[in-house]
Amino acid sequence: MAKYDYEFKRIVVEAYQNGEGGYRTLARRFDIPAMSLVEKWVKTAERLGFSALNRRKAKQTYSS
């Protein structure tokens, strides 16, 4: 199970976009252990949209 769900990530990214703090400030505010995780979510949402913050439901399989 994922530690952070889509809604939580969206709230954190929106807080950043609204100017409520930087990566480190938001990591402390939302009790996230690494500010790099906040940075990764923000950059992913900016580049690919909020839907990219969702986790994939099925595991990827490859043929041999």
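Throughout, a residue's number is its position along its own chain's written sequence, starting from 1. Predicted model: local features are reported for residues with pLDDT of at least 70 only, side-chain atom pairs are reported and counted for 80 or more only, and whole-chain, interface and lining totals are derived from all residues. Processing note: side-chain calculations cover all non-hydrogen atoms of the structure and skip hydrogens and water entirely.

Overview of the environment of alanine 15
As a reminder, the rule being used: Secondary structure elements follow DSSP: runs of H or I no shorter than four residues count as helices, runs of E no shorter than two count as strands, and numbering proceeds from the N terminus. Buried means the residue's accessible area, taken with a 1.4 Å probe over protein chains only, is under 20% of the maximum for its type, while exposed means over 50%, and partly exposed covers the values in between. A contact between two residues is defined here by any heavy atoms of the two lying within 4.5 Å.
You can see alanine 15 is positioned in helix α1 (residues 6-17). Residue classification places alanine 15 among the buried residues on the basis of a relative accessible area of 3%. Sequence separation between alanine 15 and valine 42 is 27 residues, and the spatial gap between their C-alpha atoms is 9.9 Å. Dropping the residues within four chain positions of it, alanine 15 is found in contact with Glu20, Gly21, Leu26, Arg29 and Phe30.

Re the nonpolar core
Soluble, globular proteins show a tendency: their nonpolar side chains are buried together. Keep this limit in mind: Among buried residues, those of type Ala, Val, Leu, Ile, Met, Phe, Trp, Tyr and Cys that are joined through side-chain atoms within 4.5 Å constitute a nonpolar core.
Counting 14 residues, the largest nonpolar core has Val12, Val13, Phe30, Ile32, Val38, Trp41 and Leu53 as its most contacted members. Contributions of two or more residues to this core are made by α1, α2 (23-29) and α3 (35-48). For this core, the leading source of residues is α3, giving four residues. Excluding anything up to four places from it in sequence, tryptophan 41 contacts Tyr4, Phe8, Lys9, Val12, Val13, Ile32 and Leu53.

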